[in-house]
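A structural walkthrough
Letter by letter, the chains look like this.
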Amino acid sequence: MNSITVLTLILLVLMAIVGGKRGVVSFISVAFNFCLLFLTVILIAGGFPPLAVSAFMGICILAITIYMGNNDERATNVAFLATLLVLGAMLVIIIPFDHWAMVAGFSNEQSEEIEAFNLLIGVNFSAITAAVTILSTLGAIAEAAIAVASGLEEVIQNKPHISLSELFTSGRNIGFQIMGMTFNTLFFGMFGGDLSLFILLYKLDANFGYYLNAKIFVRECMLVLYSAIAVIAVIWITTYLMGRKVNNLRKTDR
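Worth saying up front: this structure is predicted, and the values here are computed from it rather than measured. (Residues numbered from 1 in each chain as written. Predicted model: local features only at pLDDT ≥ 70, side-chain atom pairs only at ≥ 80, totals over all residues. Heavy atoms only, no water.)

**Concerning the overall build of the protein**
The condition that has to hold: Numbering goes from the N terminus for both helices and strands, where a helix is a DSSP run of H or I of at least four residues and a strand is a run of E of at least two. Only protein chains enter the calculation, and the probe is 1.4 Å; a residue is then buried if its accessible area is under 20% of its type maximum, exposed if over 50%, and partly exposed in between. Only the protein chains shown count as cover for residues, and the accessible areas themselves come from Shrake-Rupley with a 1.4 Å probe.
Tallying secondary structure elements over the protein gives nine helices and zero strands in all. Across the 254 residues that make up the protein, the buried fraction comes to 35%. Total accessible area computed for the protein in this model is approximately 15100 Å², and 69% of it derives from carbon and sulfur atoms.

This is the structure in structure tokens:
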């Protein structure tokens, strides 16, 4: 039994102890998402369009993450719709900005790792870069959407006659708390993952201008910025959709 298997079993046991049935369901959703990501790699390597595959798999991953992680139908429906809208908007933003930044493919710092491989594999690296960016933002937007939707649902249950302006204020307050934590998670995740590279560049006496123009650094920074923009957008859209849904239900009940 290797280390990954042991750590996976420990994770399963802890999720079952802490979350009970919900924790086990969450673990199963993670396993499903891992299988979908692995299938994404196979399909792209098999010649399927990377953007189409990543968009379809992104929708599937969002559905599994949101619907298997929450029991409230109204909150999950609103959160899922909000993430779909943000996913579509991010596609419009990511594709041209990645093209203008010219961050596709491998960087110079990665040349030693890939010099023994043949790069003529018939894959569009620009499309792959966009696909990776799309898939990387899914976790952040799904987490923010379900957190805001669930929080507002609880506010509505505790105060059924809350006005729409008060509901939007509550959504904004919840969103502010989520944004701060999410941005720090994304930022430190980026620097933690590339810390060894930054240390290497520092040892090579690379100046600050080199960092700002290094492809690998720019790509990681853009990934953080994309995720941050997506989180802000999904918070606003989720709050708006929840308020609109509540307003429609009140009109129906009259």
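**Considerations on the side chain of Thr 239**
Note the following rule: Polar contacts, as used here, are pairs of N or O atoms within 3.5 Å; protein pairs need one atom able to donate a hydrogen and one able to accept it. Residues neighboring in sequence count only if both atoms are side-chain atoms. Whether two residues are in contact is decided by their heavy atoms, any of which lying within 4.5 Å being enough.
Here Thr 239 is to be found in helix α9 (residues 215–253). You can call Thr 239 buried: its relative accessible area is 7%. Polar side-chain contacts of Thr 239 include one of 2.8 Å to the backbone oxygen of Ile 235. Each residue touching Thr 239, except ones within four places of it in the same chain, is listed here: Val 148, Leu 152, Leu 167, Phe 168 and Gly 171.

**Side note on helix α1 (residues 3–45)**
Note the cut-off: The span expected for a helix works out to 1.5 Å for each residue beyond the first. What is called the bend at a residue is the angle between a pair of axes, fitted to the seven residues leading up to and ending at it and to the seven starting from it.
With 43 residues, α1 should reach 63 Å at 1.5 Å per residue; the first-to-last C-alpha distance of 28 Å falls well below that figure. Along its length, α1 reaches its greatest deviation from straightness, about 140 degrees, at Gly 19. Taken as a whole, α1 has its buried residues at Gly 23, Phe 27, Ser 29, Asn 33, Leu 36, Thr 40 and Ile 44. Where α1 ends, the next residue or the one after it, Gly 47, has phi of about 110 degrees, a positive value.

**With respect to the packing of aromatic side chains**
Working definition: an aromatic ring pair is given by the centre-to-centre distance plus the angle between the planes. So the rule is basically this: Two rings from Phe, Tyr or Trp (for Trp, the six-membered ring) form a pair when their centres are within 6.5 Å of each other. A pair whose planes differ by under 30 degrees is stacked, one over 60 is edge-to-face, and the rest are tilted.
For the structure shown, the criterion picks out two aromatic pairs. Ring geometry for Trp 236 versus Tyr 240: centroids 6.0 Å apart, planes at 10 degrees, classification stacked. Linking Trp 236 with Tyr 240, this pair stays in helix α9, spanning four residues, or about one helical turn. Overall, Tyr 240 belongs to the partly exposed group, its relative accessible area being 39%.

**Observations regarding helix α2 (residues 50–67)**
Residues spaced three or four apart along an α-helix point in a common direction, a consequence of the helix completing one turn every 3.6 residues. Under the 1.5 Å per step criterion, the end-to-end length of α2 is 25 Å for 18 residues, consistent within 8% with the ideal 26 Å. Of the positions making up α2, those classed as buried are Pro 50, Val 53, Ser 54, Ala 55, Met 57, Gly 58, Ile 61, Leu 62, Ile 64 and Ile 66.

**Brief notes about the environment of Asn 33**
Mapped onto the elements, Asn 33 comes out in helix α1. On the basis of relative accessible area, Asn 33 is assigned to the buried category, the value being 13%. Each C-alpha atom, one on Asn 33 and one on Cys 60, is 8.4 Å from the other, the two residues being 27 residues apart in sequence. Not counting residues up to four positions away in its chain, the partners in contact with Asn 33 are Ile 61, Ile 64 and Thr 65.

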